[in-house]
Amino acid sequence: MAATSINLAQKLSTFEEAWSPKVVARYNGNDVMVKVKGEFNWHSHADTDDFFLVLKGGLTIRLRDGDVRLGPGEMFVVPVGVEHCPVAEEETHLLLIEPGDTPNTGDAATAAVKELI
């Protein structure tokens with residue numbers, strides 16, 4: 001297998017949808033996803049933490065006991081089971097890393113299907 005790098009800017013240019021789980025890479029059973037805009041929904045993950053790293057733009061992660069605001073180069077890990085609602089006022093590029101079998105809404109019945117790009 002030939003080694004190749006992943007150009008995130010190129011990957012981001014291939015789609016416009018926000019909060020659509022586009023997977024740019026997989027490692028150790030985890031999915032790496034990017035691009036958000038607007039408000040997601042309140043949810044939690046019963047079995048995993050949620051990792052957010054902002055590359056461009058800004059992200060607010062609403063928590064029941066206060067908000068966490070992230071800018072470029074900043075990251076936050078939502079602990080397992082903690083209810084949260086990510087919000088991006090502008091198009092935001094981020095790395096969201098989660099186990100491949102984790103539904104993005106915390107509930108398989110309401111989760112969007114992940115797509116490898």
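Let me sum up the structure you'll find in this document.

About the thresholds
Residues numbered from 1 in each chain as written. Predicted model: local features only at pLDDT ≥ 70, side-chain atom pairs only at ≥ 80, totals over all residues. Heavy atoms only, no water. Helix = DSSP H or I, 4+ residues; strand = E, 2+ residues; numbered from the N terminus. Buried < 20%, exposed > 50% of the residue type's maximum accessible area, 1.4 Å probe, protein only. Contact = heavy atoms within 4.5 Å. Areas by Shrake-Rupley, 256 points an atom, 1.4 Å probe, with all protein chains shown as cover. Lys, Arg positive; Asp, Glu negative; His and termini not counted. Charge placed at Lys NZ, Arg CZ, Asp CG, Glu CD. Salt bridge = Lys/Arg side-chain N within 4 Å of Asp/Glu carboxyl O. Pairing = 2+ DSSP bridges.

1. Considering the overall build of the chain
- Across its full length, the chain holds one helix and nine strands.
- Counting across all 117 residues of the chain, residues that qualify as buried make up 41%.
- Of the contacts formed within the chain by residues at least 6 apart in sequence, a portion of 64% connects residues at least 24 apart.
- Of the roughly 6,500 Å² that the chain leaves accessible, carbon and sulfur atoms contribute 52%.
- In the chain, 10 side chains carry a positive charge and 18 a negative one; their mean positions are 6 Å apart.

2. Some points on the pattern of salt bridges
- Going through the model one piece at a time under the given rule, you end up with four salt bridges.
- When the shortest N-O distance is used, the salt bridge between Asp31 and Arg26 registers 2.9 Å.
- Owing to a relative accessible area of 2%, Asp31 belongs among the buried residues under this scheme.
- A salt bridge links Arg62 to Glu39; its shortest N-O distance comes to 3.2 Å. With a gap of 23 residues between them, Arg62 in strand β5 (residues 59-63) and Glu39 in strand β3 (residues 36-39) connect regions that are remote in the sequence.

3. Describing unusual backbone geometry
- Despite not being glycine, Asn28 has its phi angle at roughly 45°, a positive value.
- Tracing the backbone through its elements, the reader meets Asn28 in the loop between β1 (22-27) and β2 (30-33).
- On the accessibility criterion, Asn28 (75% relative accessible area) is exposed.

4. Some words on the environment of Arg69
- Note on placement: Arg69 falls in strand β6 (residues 66-70).
- With 19 residues separating them in the primary sequence, Arg69 and Ala88 have C-alpha atoms 9.9 Å apart.
- Apart from residues no more than four positions distant in its own chain, Arg69 is found in contact with Leu59, Thr60 and Glu74.

5. Looking at the pairing of β1
- Of the strand pairs in this sheet, β1 and strand β9 (residues 115-116) are connected by two bridges, and their pairing is parallel. Its bridge partner being in β9, Lys22 is matched across the sheet by Glu115.
- By the bridge criterion, four bridges tie β1 to β2 in an arrangement that is antiparallel. Paired with Ala25 across the two strands is Val32, which belongs to β2.

6. As for the side chain of Thr60
- By the element assignment, Thr60 lies in strand β5.
- According to the relative accessible area criterion, Thr60 is buried, its value standing at 17%.
- Setting aside anything within four residues of it in sequence, one finds Thr60 in contact with Asp67, Val68, Arg69, Cys85, Pro86 and Val87.

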